Structures are given as structure tokens and as C-alpha cells.
Amino acid sequence: MTNATQVTGLLLAAGGGRRLGGRPKALLPHRGRPLVENAVRVLREGGCRTVYVVLGAAADEVRARADLAGCALIDNPEWAEGMGSSLRVGLEALTESGGGARAVLVSLVDQPGIGAEAVARVLAAHRSGDSLAAASYDGKRGHPVLFGADRWADIAASATGDRGARAYLKAHEAEITLVECGDVAEPYDIDTEADLGRLQ
């Protein structure tokens with residue numbers, strides 16, 4: 001099996017855009033379409049044949065307005081608790097699916113500066129169910145991140161609030177394969193009104 005068939009994409013797209021006046025990030029316009037569509041396309045072009053999308057804020061509106069055909073859509077009723085809850089829900093859905101994924105590549109909906117090349121590089125770092133890899137930007141760890149399936153339960157157990165997998169990654173820092181992506185991507189977030197200028 002190739003990495004592309006073993007690694008599933010997991011897009012965290014549940015945020016309510018609190019600092020954006022409550023505009024759900026998944027629906028922010030980018031290149032004429034909702035931002036969530038761009039993020040799904042990047043995962044697919046980077047090599048993830050299967051993509052799970054965790055929705056939260058305005059989930060029904062996202063379903064209605066965004067073309068997410070072929071994606072597995074998961075609702076996170078606890079989305080307001082932060083990214084950790086979305087990561088937990090996504091990993092639980094993957095575990096329960098029985099789809100045979102040996103790893104998951106996690107990306108965030110609000111990082112449009114990270115494209116398919118960065119996804120492909122991190123995906124290529126998958127070796128086994130114990131794999132742990134992350135994109136780095138000038139040596140600083142960022143997204144996307146890759147978790148082998150053997151690690152999912154422990155990561156889900158540690159994912160709380162807005163920290164996502166940060167605590168787990170810090171505890172296992174020596175085991176992370178860092179994949180430099182600073183030459184092909186920019187890891188900025190769309191968090192505030194000032195950041196909206198980065199969207200096209």
C-alpha cells in the first residue's frame with residue numbers, strides 16, 4: 001500500500017471565528033468559494049485520498065454552501081470548547097470507521113498559506129502506525145501534523161481546549177520527524193479582521 005492509501009486527511013473546520021465577529025472560518029470567502037473547500041482541495045492534491053472534515057459553527061450552513069462531496073463530514077457539538085474537542089471527535093470517527101487508515105494528517109481550515117506541497121512532504125514521512133511528523137517553518141513546528149494510528153488514543157485523551165495535540169507533541173518532542181516546509185508554505189492563521197487581507 002502507498003502512503004496515499006494509508007493516510008487519511010483530517011480537516012479541523014469547526015471554529016466560530018470569535019475574533020472575526022462570529023463569522024465561521026469554514027465559510028470565509030477565498031478565491032470565490034468557502035475557505036473549507038480550499039482546505040479540502042489542498043489535502044487531496046497533497047495525496048490524501050480520503051478526507052474527514054470536522055464541522056461545528058454553522059455546520060448546516062457549511063453543508064449547504066460548500067461543495068464537500070466525497071468527504072466524511074463529522075459534527076462536533078462541543079466545538080465551542082476549542083480545537084481539542086474537534087481533534088478528539090475526528091480521531092474517534094476515524095477509529096470507529098474501520099477504514100484501515102494507518103495514519104492521519106491533520107490540517108486547519110484557517111491556514112490557506114499551506115498548500116499541497118507541504119501536505120505531500122509531511123505525508124511522505126509516514127512509515128508506520130507509530131509515525132509522528134510535523135511540518136516545520138525555519139525549524140519551528142507547525143501544521144500539518146501526521147499521527148500514526150497507534151498514537152490516536154493517547155492523543156485524543158490529551159486533547160483539551162484550544163491546545164489540540166500541543167501537550168502530546170511537547171511530551172513526545174524527541175520522536176517527531178520535522179519536515180521543513182518554509183520554502184513552499186506560510187503558516188499564518190486567519191484569526192482577526194486584519195488577517196482577512198490575506199484571503200483572495
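Look a little higher up for the structure.
Residues numbered from 1 in each chain as written. Predicted model: local features only at pLDDT ≥ 70, side-chain atom pairs only at ≥ 80, totals over all residues. Heavy atoms only, no water.

## Looking at the state of the cysteines
Counted only if it meets this: In what follows, a disulfide is any cysteine sulfur pair within 2.5 Å. Here's how the labels work: a residue is buried when its accessible area is under 20% of the maximum for its type, exposed when over 50%, partly exposed in between, all with a 1.4 Å probe on protein chains only.
As enumerated under the stated definition, the model contains zero disulfides in all. In this model C71 remains outside any disulfide bridge; the closest cysteine sulfur is found in C48, 11 Å from its own. Assessed through its relative accessible area of 14%, C71 is described here as buried. C181 carries a free sulfur, and the closest cysteine sulfur to it, the one in C48, is 13 Å from it. You can call C181 buried: its relative accessible area is 0%.

## With respect to the pattern of salt bridges
Just so we agree on the cut-off: For this document, the term salt bridge refers to a Lys or Arg side-chain nitrogen within 4 Å of an Asp or Glu carboxyl oxygen. Only DSSP runs of H or I with at least four residues qualify as helices, and only runs of E with at least two residues qualify as strands; both kinds are numbered from the N terminus onward.
For the structure on display, the rule yields 13 salt bridges. The partner of E45 in a salt bridge is R41, and the shortest N-O contact between them spans 3.2 Å. Of this pair, E45 and R41 both sit in helix α2 (residues 35-45), four residues apart, which is roughly one turn of the helix. Classification of E45 as exposed rests on a relative accessible area of 54%. Two residues, R65 and E61, come together in a salt bridge whose shortest N-O distance is 2.8 Å. Separated by four residues within a single helix, R65 and E61 lie in helix α3 (residues 59-65), roughly one turn from each other. The exposure class of E61 is partly exposed, given its relative accessible area of 38%. Within this structure, K25, D110 and D191 form a network of salt bridges that share partners.

## Some words on the layout of surface pockets
Counted only if it meets this: Computed over the protein atoms alone on a 1 Å grid, cavities are sets of points where a 1.4 Å probe fits but cannot get out and pockets are open sets with protein on both sides within 12 Å along at least five of seven lines; a residue lines them when it has an atom within 4 Å of a point. Grid points are joined across faces, edges and corners, and a volume is the space filled by probe spheres set on the points.
There is about 1,000 Å³ of room inside the largest pocket. Taken together, 35 residues form the lining of the largest pocket, with K25, M83, L108, D110 and D162 sitting closest to its centre. Of all the secondary structure elements, the ones that give two or more residues to the lining of the largest pocket are β1 (7-13), α4 (83-97), β6 (103-108), β8 (140-148) and α7 (166-171). A total of six residues in the lining of the largest pocket trace back to one element, the largest contributor, which is β8.

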